[in-house]
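# Chain and residue survey
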Amino acid sequence: MVHNYLDIHPEIKAALNKNRPIVALESTIISHGMSYPENIVSAKKSEETIRNEDVVPATIAILKGRIKVGLTEDELNYMGENKTIRKASRRDMSMILSKRIDGATTVATTMLIANLAGIKIFATGGIGGVHRNAQKTFDISADLMELANTNVGVVCAGAKSILDIGLTLEYLETQGVPVIGYKTTDFPAFYTRKSGFKVDYKADSYKEIAQALKIKWDLNLKGGMVISNPIPEEFEMDKDLIDKVINDAVLEAEKNGIRGKDITPFILSRVHDVTEGKSLQANKELVYNNAKVAANIAKELIKTY
Ligand code: PSU
Ligand code: MN
């Protein structure tokens, strides 16, 4: 049934059959998270980083009503060049497929689709979360519910402070989602290595993380895991600068009445404009770093089964 809607790229099909490690990648980061042409550069280099670890990358998107697990180069370019592709979160899936249109998958939908295909590890930049002022707006990303329900480990650089990081962590706790730090006790804040909040557990090896995932799923503890991996020191941004830029962008979004699923892309693009690309560079580097860690966890996870 599910396979009526899924097109799994032959390379990924072969990897699944041979039980080779695979890492999923999202496409909202391409269509809405970064500007052209750097979005395509980043998507390609993320795949290459995973390949360099001898792991198979699977970029996920929806194209003309088909769920694609693994994109061709043309499809990947299309995702980066086309400015009108809808951001597809969980609620959008059914209508996008029914209308046979395109969709860029968020963390939530990439997890959901990876799980349908049998892929257990996913690398991204930052997860969505509880927005600042959520007590008024109710704006809580569907990524958090997906983390609570779908068995995929998500490697990220924490969450941007466009969100209320404290409330995001509270929400994850309520939903029973483990928040792990790879070689750190600090929950990272995307552009910076520290957010002022701690992770639940520090893990010092890929193996330890893979084992925790296996145990979680063996015990039917449904849901994913946030594996946070701080941006490499050499690419970290100045905390005061980025805090100010983000604060201004959040206020600007509010003033302009930007709402719902447009908030995250609006703030991201404002931050990139104001920092003249410095933040884009940081963004790319942290994604590559996450791709590498995810690939190594995927390799360890295969060994445990
Ligand atoms: N955070 C980032 N970059 C991104 C996103 C979040 O730093 O590109 C994207 C991810 O795809 C994430 C989505 O799943 O935004 C969350 O959107 P929302 O808050 O509308 O759920
Ligand atoms: Mn939202």
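The preceding data block contains the structure.
Residues numbered from 1 in each chain as written. Chains lettered and ligands numbered in written order. Predicted model: local features only at pLDDT ≥ 70, side-chain atom pairs only at ≥ 80, totals over all residues. Heavy atoms only, no water.

Another aspect to go through is the overall build of the protein chain. The number of helices and strands found in the protein chain is 13 helices and 13 strands. Computed over the C-alpha atoms, the radius of gyration of the protein chain is 18 Å, within 12% of the 19 Å expected from 2.2 N^0.38 for a compact globule of 305 residues. If you line up the protein chain on its principal axes, its C-alpha atoms span 50 × 45 × 35 Å. The long-range fraction of contacts in the protein chain, counting pairs at least 24 apart against all pairs at least 6 apart in sequence, stands at 74%. Carbon and sulfur atoms make up 50% of the accessible area of the protein chain, which totals about 13800 Å². A gap of 4 Å separates the mean positions of the 40 positive and 39 negative side-chain charges of the protein chain. (Helix = DSSP H or I, 4+ residues; strand = E, 2+ residues; numbered from the N terminus. Rg over C-alpha atoms; globule rule 2.2 N^0.38 Å. Contact = heavy atoms within 4.5 Å. Areas by Shrake-Rupley, 256 points an atom, 1.4 Å probe, with all protein chains shown as cover. Lys, Arg positive; Asp, Glu negative; His and termini not counted. Charge placed at Lys NZ, Arg CZ, Asp CG, Glu CD.)

To continue, consider the environment of Ile 62. Within the secondary structure, Ile 62 is located in strand S3 (residues 56-63). Setting aside chain neighbours within four positions, we find Ile 62 in contact with Ala 88, Met 93, Ile 96, Leu 97, Ile 101, Asp 102, Gly 103 and Thr 105.

Turning our eyes to something else, we now look at the site of ligand 1. Near ligand 1 there are 16 residues, and of these Glu 26, Lys 87, Ser 141, Asp 143 and Lys 160 occur at the shortest range. Within the backbone of Val 107, an N or O atom sits 2.8 Å from an oxygen atom of ligand 1. At 2.3 Å from an oxygen atom of ligand 1 is found a side-chain nitrogen or oxygen belonging to Lys 160. Its atoms largely coinciding with the cavity grid, ligand 1 occupies the largest pocket. When residues of the shell around ligand 1 are traced back to their parent elements, those giving at least two are helix H2 (28-33) and helix H12 (263-274). (Near = heavy atom within 4 Å. Polar contact = N/O pair within 3.5 Å; in protein donor to acceptor, adjacent residues only side chain to side chain. 1 Å grid on protein atoms, 1.4 Å probe; cavity = no way out; pocket = protein on both sides within 12 Å on 5 of 7 lines; lining within 4 Å. Sits in = over half its atoms within 2 Å of the grid points.)

Here we take up empty space enclosed by the protein. Summed over all chains, the structure comprises one cavity of 30 Å³ or more. One number sums up the size of the largest cavity: a volume of about 100 Å³. Contributing to the lining of the largest cavity are Leu 25, Glu 26, Ile 29, Ile 30, Ser 42, Ala 43, Ser 46, Thr 59, Ala 123, Thr 124, Gly 125 and Val 287. Secondary structure elements with two or more residues in the lining of the largest cavity: H2 and helix H3 (38-52). (Points joined across faces, edges and corners; volume = space filled by probe spheres on them.)

Here the largest pocket is characterised by a volume of approximately 1100 Å³. Forming the walls of the largest pocket are 47 residues, and the residues nearest its centre are Lys 87, His 131, Asp 139, Gly 260 and Thr 264. Among the secondary structure elements, those contributing two or more residues to the lining of the largest pocket are H2, strand S5 (86-88), helix H8 (142-149), helix H11 (239-255) and H12. Among the elements that line the lining of the largest pocket, the one with the most residues is H12, at five residues. Reported here for the second largest pocket is a volume of approximately 300 Å³.

Let's shift gears to the nonpolar core. Core analysis: the biggest nonpolar cluster contains 76 residues, and Val 69, Ile 119, Ile 127, Leu 147, Leu 172, Val 226 and Ile 267 have the highest contact counts within it. Ignoring sequence-local partners within four residues, the contact set of Leu 172 consists of Ile 127, Leu 144, Leu 147, Val 177, Val 179 and Val 226. Judged by nonpolar contacts, the second largest core, of 23 residues, contains Val 23, Val 155, Ala 294 and Leu 301. (Core = buried A, V, L, I, M, F, W, Y, C linked by side-chain atoms within 4.5 Å. Buried < 20%, exposed > 50% of the residue type's maximum accessible area, 1.4 Å probe, protein only.)

No statement about biological role is implied by the geometric values presented.
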